[in-house]
Amino acid sequence: MEKFSSLARFKSSCPFLGGTKTSTLRALSSTISPRFPSISQLTERAVGCPIMGPALVMRSTQMVAGYASVAGQADVQKIHHNKGIFPGTSVSEADISKCPHASAARAAARMADDLAAASTAKAPEAKKEKAAAAGCPFHKAAAAAKEQPVKSAAITETQTTPTLEKKHKDQSYRYFNNINRLATKFPIAHTASMKDEVQVWCANDYLGMGNNPVVLETMHRALDKYGAGAGGTRNIAGNSAMHLGLERELATLHRKEAALVFSSCYVANDATLSTLGSKLPGCVYFSDASNHASMIQGIRHSGAKKEIFKHNDLDDLEAKLQKYPKDTPKIIAFESVYSMCGSIGPIKEICDLAKKYGALTFLDEVHAVGLYGPRGAGVAEHLDWESHQMAGQSSEPIKDSVMDRIDMITGTLGKAYGTIGGYVAGSRDFIDMIRSYAPGFIFTTSLPPCYTLKQVNVRTVKERFAALDIPVVPGPSHIVPVLVGDAGLAKAASDKLLHEHGIYVQAINFPTVAVGEERLRVTVTPRHTAEQIDGLITAMDTVFTELDINRISKWAKLGGRANVGTGKENVQPIWSNDQINTAGLPQTLHDGDTALVDVNAVQAVRESFENLLGAVELSETELKVEAALMTGAVEHIAGALPKKVKAPRALVNPINMPVAPAVAVSA
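Computed from a prediction, not measured in an experiment: that's the story for all the values here.

**Thoughts on the overall build of the protein chain**
When helices and strands are tallied, the protein chain shows 29 helices and 16 strands. Expressed as a percentage of its 667 residues, the buried residues of the protein chain come to 45%. Total accessible area on the protein chain is roughly 33300 Å²; 56% of this is exposed by carbon and sulfur atoms.

**A short note on the sheet that holds strand β3 (residues 197-200)**
With respect to topology, 4 strands assemble into an open sheet ordered β1-β2-β3-β12, the strand pairing being mixed. With one partner strand each, in any of the chains shown, β1 (180-181) and β12 (503-504) form the two edges of the open sheet. In this structure, β3 lies alongside β12, joined through 2 bridges in parallel fashion. Pairing of Val200 across the sheet is with Tyr504, part of β12.

**Some remarks on the sheet that holds strand β5 (residues 284-288)**
Pairing is mixed across the open sheet formed by 7 strands, whose spatial order is β4-β10-β9-β8-β7-β5-β6. A single partner strand is all that each edge strand has here, and the edge strands are β4 (258-262) and β6 (305-309). Direction aside, neighbouring strands of the sheet carry axes that sit 20° apart on average. Bridging between strand β8 (residues 360-364) and strand β9 (residues 408-412) involves 3 bridges; their strand directions are parallel. Residue pairing across strands places Asp364 opposite Thr410, the latter belonging to β9. Of the strands in this sheet, β5, β6, β7 (330-335) and β8 touch helix α14 (residues 293-302), which is tilted by about 160° from β7. Sheet strands touched by helix α16 (residues 347-357): β7 and β8. Its angle to β7, the strand with the most contacts, is close to 175°.

**Here we look at the packing of aromatic side chains**
What the rule picks out here adds up to 2 aromatic pairs. Pairing Phe286 with Tyr324 gives two aromatic rings, centres 5.8 Å apart and planes at 85°, and the pair type is edge-to-face. A residue pair is termed long-range when its members are at least 10 positions apart, and Phe286 in strand β5 and Tyr324 in the loop between α15 (314-321) and β7 qualify at 38 residues. Just as Phe286 is buried, Tyr324 falls in that class too.

**Observations regarding helix α24 (residues 530-546)**
Compared with an ideal rise of 1.5 Å per residue, which puts 17 residues at 24 Å, α24 spans 24 Å between its outermost C-alpha atoms and is within 8% of the ideal. Positioned one or two residues after α24, Asp548 has a phi angle of 55°, which is positive.

**Regarding the pattern of salt bridges**
Counted by the stated rule, this structure contains 16 salt bridges. The salt bridge partner of Lys491 is Asp495, with a shortest N-O separation of 2.6 Å. Placement of both Lys491 and Asp495 in helix α23 (residues 487-501) is noted, with a separation of 4 residues, approximately one turn of the helix. Put simply, Glu517 and Arg519 hold a salt bridge, and the shortest N to O gap is 3.4 Å. Residue Glu517 is classed as partly exposed on the basis of its relative accessible area, which comes to 25%. Residues joined by salt bridges that share partners form a network here, namely Lys348, Asp352 and Arg405.

**Here's the deal with helix α11 (residues 213-226)**
Since the α-helix advances by 3.6 residues per turn, residues separated by three or four positions end up pointing in the same direction. Relative to the 20 Å expected for 14 residues at 1.5 Å per residue, α11 spans 20 Å between its end C-alpha atoms, a close match to the ideal helical length. Close packing links the buried residues of α11 with α12 (241-253), β15 (595-598), α27 (599-608) and α28 (610-613). Two residues or fewer after α11 comes Gly227, characterised by a positive phi angle close to 85°.

**Topic: the packing of α23 against α24**
Two elements in contact, α23 and α24, have axes whose closest approach is 10 Å; the angle formed by their N-to-C orientations is 125°. The angle between α23 and α24 falls in the class oblique. Where α23 crosses over α24, the two elements pack in a sense that is right-handed. Touching Ala493, Lys496, Leu497, Glu500 and His501 of α23 are Ala539, Met540, Thr542, Val543 and Glu546, all from α24. When the residues that make up the contact of α23 with α24 are grouped by side-chain class, the tally is 5 nonpolar, 2 polar and 3 charged.

**A word on the pairing of strand β10 (residues 422-426)**
β10 sits mainly inside the fold: 5 of its 5 residues count as buried. Burial along β10 is two-sided: the residues Gly422, Val424 and Gly426 and Tyr423 and Ala425 are all buried. In this structure, β4 lies alongside β10, joined through 5 bridges in antiparallel fashion. Pairing of Leu260 across the sheet is with Val424, part of β10. By the bridge criterion, 5 bridges tie β9 to β10 in an arrangement that is antiparallel. Residue Gly411 lies in a different strand from β10, and its bridge partner there is Tyr423.

**So, unusual backbone geometry**
Each neighbour pair has its own omega, and for Phe186 with Pro187 the value is 10°, a cis peptide bond. Tracing the backbone shows Pro187 in the loop between β1 and β2 (188-190). Look at the link from Phe510 to Pro511: it is a cis peptide, with omega at 10°. Relative to the helices and strands, Pro511 is located in the loop between β13 (507-508) and β14 (519-522). The phi dihedral of Arg255 falls on the positive side, at around 55°, and the residue is not glycine. Here Ala562, not a glycine, exhibits a phi torsion of approximately 50°, which is positive. Considering the arrangement of structural elements, one finds Ala562 in the loop between α25 (552-557) and α26 (577-580).

Conventions we followed
- One numbering rule holds for all chains: residues counted from 1, following each sequence as written.
- A pLDDT threshold of at least 70 governs which residues receive local features in this predicted model, and a stricter bar of 80 or more applies before side-chain atom pairs are shown or counted, although totals over entire chains, interfaces and linings include all residues.
- As a rule here, side-chain values come from all non-hydrogen atoms in the structure, and water together with hydrogens is ignored.
- For helices the rule is a DSSP run of H or I covering at least 4 residues; for strands it is a run of E covering at least 2, with both sets numbered from the N terminus onward.
- To sort residues, take the accessible area from a 1.4 Å probe on protein chains only and compare it with the maximum for the residue type: under 20% means buried, over 50% means exposed, and anything in between is partly exposed.
- Computed with the Shrake-Rupley method and a 1.4 Å probe, the accessible areas treat only the protein chains shown as cover for residues.
- Note: two strands are recorded as paired if DSSP finds a minimum of 2 bridges between them.
- Angles here are taken between N-to-C directions and fall from 0 to 180 degrees, while the axes themselves are lines fitted to C-alpha atoms, restricted in helices to the stretch in contact.
- Contacts were defined at the residue level, with two residues in contact if any of their heavy atoms lie within 4.5 Å.
- Note on aromatic pairs: the rings of Phe, Tyr and Trp (six-membered ring only in Trp) are paired at centre separations within 6.5 Å, and the planes decide the class, stacked below 30 degrees, edge-to-face beyond 60, tilted for the rest.
- To estimate the expected span of a helix, count its residues, drop one, and scale the result by 1.5 Å.
- Between Lys or Arg on one side and Asp or Glu on the other, a salt bridge is scored when a side-chain nitrogen of the former is within 4 Å of a carboxyl oxygen of the latter.
- Should an angle fall under 35 degrees it is called roughly parallel, over 145 degrees roughly antiparallel, and 65 to 115 degrees roughly perpendicular, with every other angle called oblique.
- Note: crossing handedness is left-handed where the near helix turns anticlockwise from the far helix by less than a right angle, and right-handed where it turns clockwise.
- For this classification, Asp, Glu, Lys and Arg are treated as charged, while Ala, Val, Leu, Ile, Met, Phe, Trp, Tyr, Cys and Pro are nonpolar and the rest, including Gly, are polar.

If you want it as structure tokens, here you go:
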């Protein structure tokens, strides 16, 4: 902040500082340059200024010389002794870091190198003139260590620099914003400065479960009893009752015989696919062209042969299956919801082809679990809604249902469920094979111990974007990919939304999406309020206008791209009106409204952990507060809804359904 205060004083003198918003300057001054790690992004930009550039280089040279001068003074020994360090025959890295001027001199030298490199847009030079530092052995050792060439058997900085430069030139280099989500103010986060708050519109915490009070309460109780870590891999010390209970729960969710938990679904996909492919002799993988990197990596690690079929193209898949005898081991690997375009895989039809050609099916439900189906088991469950709804929480499979026909299902706990971890569910034999042979499971430390409103909000955002001619890649899922079509423009749009409108939406570019299909991936949650949605729509419209980004009508004139402007925009959402209304009449929150938590769910969670964590004991005050919350919520449901008619957002046909009692939590 001291650096920023100094900058603010010169805004009237410098055209760049004067014409740049305070929030932007603050962000640039507190964010490290990805290319030159000893300076900020603001300093990197300042080097290009004809006045500030030479001044910065000159000042850095003076600083290096100044530290060397201090090192040569006669009283340098006193400085060392005051810090409790004494020069010996050898000087360690720890000694250098203790010495106040040696460590500062090394930092200044690094900064000088980075400034020089930034000014020439080249990598730092290996040799630079050094000022003499005769009096300080630590300073000498630091300088000598810096001059020592780094030995590498396989790769050097010179070799990696052109690769990184290429990403900068084609504007596909990835920048990571400093975003810190606030548990009590979701979906609000602060940036590098805790005073700068922004709205998060691109997180995969689709339901806001990362700050759900029931989840947090249970995690706190588990931490208090069992501690933070797992203690090792599952086969050494990390196999707990929590893991076993979670695996039973996940197996029941997908109505499978067994499940296995991993540290992430990336690891689950990699470990499962690599193990199956390597243990089934002659196995051939059939992989959708848009599959996630974790699936691609797992198939590659297996060493098995692979056939890549066009995205969601059943004809192409069948043509490739026909090339192999029926007795050849085959696995069709695909996803339910493709997270960058929002399309949904033809699961039932792929199962039909698998049966016809003798193939196993592997379905990634990462972006669907918790969001689709009457119990949140994913799209495979959603496709047989009524049957699964009638079966309730039974663990028994529903014969010939789509979910039953899938051999292996992977999912995550890190998106809609708001925490961390991944898993695979399937037959007992398949799971036992993965448990016994997958290195990603055996050698990895184990894990430490509303959704209908979301669908309404997603529809609202998609409809309002369409009304303003803002292009959204069409799809039936909850993903809202706003097409930009240029890497530089996508990054500029993301920056403008963040720094000028307080809205964080990350730009997505190659290799995640194809070149020319760059986009802003918007995710809408049930906790986004009507006012926040209004702000998003207005800001996006403004940014599209200011940057002259193509809208739907312009893409149509250009022949279309990513199914935008091709007449394919009218895609029916997978959630039907009747399915949405099974939860009552979901209404978008407004600023100041409270989000509701189902009392039955609170009770069910507490009871399920009672054996391990004990009963939840509330204080007298807490009991009174909870009673007041419950009473207010019941009154709210019984008819204490606002009488004032607000902006019409009726997206579904109303159906009168009973609503479960609910308690309020802070929005």
